[in-house]
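Listed below are the residues making up each chain.
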Amino acid sequence: MKKNIYLSQLIECFKNIELWEKRLPSFETDETLEIPAEKIKSVFTEYFTRLGNSYPFFHRQYAGQMLKPPHPAASLAYFTAMLINPNNHALDGGPETSVMEKEAVQQLAKMFGFKNYLGHLTSSGTIANLEALWVSKSIYPEKLIAFSKEAHYTHNRMCSVIGAKFIEIDTDSQGRIDTEDLEEKLKIYPIGTLVATVGTTGRGAVDPIHKLLELKEKYNFRIHVDAAYGGYFILLAEDSKRLIEPEPFLSISQCDSVVIDPHKHGLQPYGCGSIIFRDPSVGKFYKHDSPYTYFTSKELHLGEISLECSRAGASAAALWVTLKCFPLKPNEGMGPILAKTRKAAVKWAELVNKSQYLEILSQPELDILVFFPKSKSLKSSLISKLSENLFNSAINNKNFPVYLAKMKLESKTLSKNFPEIVLDQEYTTLLRSCLMKPEHLNFIPELHKYIENLAKEIRDKT
Ligand SMILES: *Cc1c(COP(=O)(O)O)cnc(C)c1O
């Protein structure tokens, strides 16, 4: 990447803000706000040292958690707006960035095929999901919220925040909602809302939304789609190469709400989730008046349809700029980026499937791979130990550190894929890799060889 374009753009950003400030008469900064130049230097020197202790998320050797560097265009846009510091709670706080937010959310809604909708950005996927569950609880105060065992852990927690009763649905060997178990439970319990996940945080499983819609017909419940991680992959759903299973994605438009996190796969810095409802009338649940805020316009203020009050207008601005540079299209902008991350996972899965030293949990549906070192006997304690060892050797190699992630899976769930496994531990630790960067694709052969070698060494030692 040609970093210097962005460096000169950074200077442009500063200059532009300066010009904007000059529209008003200048005045002296108050002395209480002044910092001596020496002090700035020394504090920032210490600060740089501290930041040096971060993990290198930007690098292709970082193939661990769901962490991806924002695009420089997004960072610059964020930084520039941050100098103004708009607040998208109200048009009074962020007159222009609120409009950018509406435009950006419109594009996200269109990507999912929502025509009429109500939506906004949030500071995270957790808050976006909280809003969806809270609306569900407002519609069905007495009914249960159901989600799968591999759904994000915050659904459970947020149900207790809103005081909703909930029920967990079993998953199948791919980590998707087990529709048989779901139907059994629909027969017995009053389930008002089902959370379907598009890209589970553990292994990137995609719940069969098209099948869930059939059950919705029969049992009448709401479906909320948690596509915080996997939502952008819908761009590949109409691709003839069938890089992903299209049906679940193309069914999202018939669900009641969807969450997508631009700060996961959307090249955004943190502080950017979003919630979109298919029926705009749910806005009534948000209805409130504020004695302080809504004065400058009769237009909809985003704070009137959002649980949060202050939100960074800079997040909306960054997303808006990013979407100008990377439109939500299959063959341009975002699509080709997602296609490469997906191909990286497919390629690595092929290599692991053939490997003597590594075993895959289940075939990846998106760009997340879960695997473990093969051992002489299939025992959960031994798999955990070997996974830990491999994780540590990879991250601690000074010359060539590779950053993987770990995943703790209920051993019972693992036995769905490996019935012969000895369950001597309740949970088994596996290795997990989110291949979120397009640069991962070309790196896979080398990465695989390296990890496979470590697995071989570890096995020989045990
Ligand atoms: C990351 C994630 C969340 C939580 O989102 P945050 O932005 O981290 O709060 C929820 N659901 C899924 C499926 C996720 O991957």
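The structure this text deals with has already been given above.
Now for a look at the structure at hand. Just so it is clear, the structure is predicted and the values come from calculations on it, not from any experiment. (Residues numbered from 1 in each chain as written. Predicted model: local features only at pLDDT ≥ 70, side-chain atom pairs only at ≥ 80, totals over all residues. Heavy atoms only, no water.)

A few words on the sheet that holds strand β6 (residues 257–260). Within the open sheet, the seven strands sit side by side as β1-β7-β6-β5-β4-β2-β3. Their pairing is mixed. Looking at which strands have only one partner, the edges of the open sheet turn out to be β1 (118–122) and β3 (166–169). Ignoring strand direction, the axes of neighbouring strands in this sheet form an average angle of 20°. As paired elements, strand β4 (residues 191–197) and strand β5 (residues 222–226) share five bridges and run parallel to each other. In the strand pairing of β5, Ala196 is matched with Val225. Lying over the sheet, helix α4 (residues 95–112) contacts β1, β6 and β7 (273–277), oriented at roughly 115° with respect to β1. (Pairing = 2+ DSSP bridges. Helix = DSSP H or I, 4+ residues; strand = E, 2+ residues; numbered from the N terminus. Axes fitted to C-alpha atoms, helices over the stretch in contact; angles between N-to-C directions. Contact = heavy atoms within 4.5 Å.)

Our focus in this paragraph is the sheet that holds strand β11 (residues 427–434). As summarised here, the arrangement of the four strands in space is β8-β9-β11-β10, forming an open sheet in which the pairing is antiparallel. Each edge of the open sheet carries a strand with a single partner, namely β8 (358–360) and β10 (405–410). Going across the sheet, the axis of each strand differs from the next one's by a mean of 45°, ignoring polarity. Two strands pair when backbone bridges link them, and β10 and β11 are joined in this way by six bridges, in the antiparallel orientation. Residue pairing for β11: Glu410 is matched across the bridge by Tyr427. In the packing of helix α12 (residues 380–396) onto the sheet, the strands contacted are β8, β9 (368–373), β10 and β11, and the crossing angle to β11 comes to about 35°. The strands touched by helix α14 (residues 440–461) are β8, β9 and β11; relative to β8, the strand with the most contacts, the crossing angle is about 125°.

Moving on, we get to the site of the ligand. Neighbouring residues of the ligand: 15 residues in total, closest Thr126, Asp226, Asp261, His263 and Lys264. Here Thr201 contributes a side-chain N or O atom positioned 3.0 Å from an oxygen atom of the ligand. Against a free-state accessible area of 380 Å², the protein chains account for coverage of 89% of the ligand. The biggest single contributor to the shell around the ligand is helix α5 (residues 125–139), with three residues. Taken together, the residues of the shell around the ligand sort by class into three nonpolar, nine polar and three charged. (Near = heavy atom within 4 Å. Polar contact = N/O pair within 3.5 Å; in protein donor to acceptor, adjacent residues only side chain to side chain. Areas by Shrake-Rupley, 256 points an atom, 1.4 Å probe, with all protein chains shown as cover. Nonpolar A, V, L, I, M, F, W, Y, C, P; charged D, E, K, R; others polar.)

Together, Glu28, Asp30, Glu31 and Glu34 make up a region of like negative charge exposed at the surface. With respect to the helices and strands, the residue Glu34 is situated in the loop between α1 (3–21) and α2 (37–51). A relative accessible area of 55% means that Glu34 is categorised as exposed. (Patch = residues over 30% accessible without salt bridge, like charges linked within 9 Å, V, L, I, M, F, W, Y side chains within 5 Å. Salt bridge = Lys/Arg side-chain N within 4 Å of Asp/Glu carboxyl O. Lys, Arg positive; Asp, Glu negative; His and termini not counted. Charge placed at Lys NZ, Arg CZ, Asp CG, Glu CD. Buried < 20%, exposed > 50% of the residue type's maximum accessible area, 1.4 Å probe, protein only.)

All right, on to unusual backbone geometry then. If you check the backbone angles, Asn220 has positive phi at about 55° while not being a glycine. Within the element layout of this structure, Asn220 appears in the loop between α8 (209–219) and β5. Within the chain, Arg242 stands out as a residue other than glycine whose phi angle is a positive 50°. Inspection of the secondary structure puts Arg242 in the loop between β5 and α9 (246–250). Since its relative accessible area comes to 48%, Arg242 is described here as partly exposed.

Attention now goes to the packing of α12 against α14. For the pair α12 and α14, the least separation of the axes is 10 Å and the interaxial angle reads 125°. The orientation of α12 with respect to α14, classified from their angle, is oblique. Between α12 and α14 lies a crossing of right-handed hand. From α12, Leu386, Asn389, Leu390, Ser393 and Ala394 reach across to α14, where they touch Tyr450, Ile451, Leu454, Ala455 and Ile458. For the contact of α12 with α14, the per-class residue count stands at eight nonpolar, two polar and no charged. (Parallel < 35°, antiparallel > 145°, perpendicular 65-115°, else oblique. Left-handed = near helix turned anticlockwise from the far one by under 90°.)

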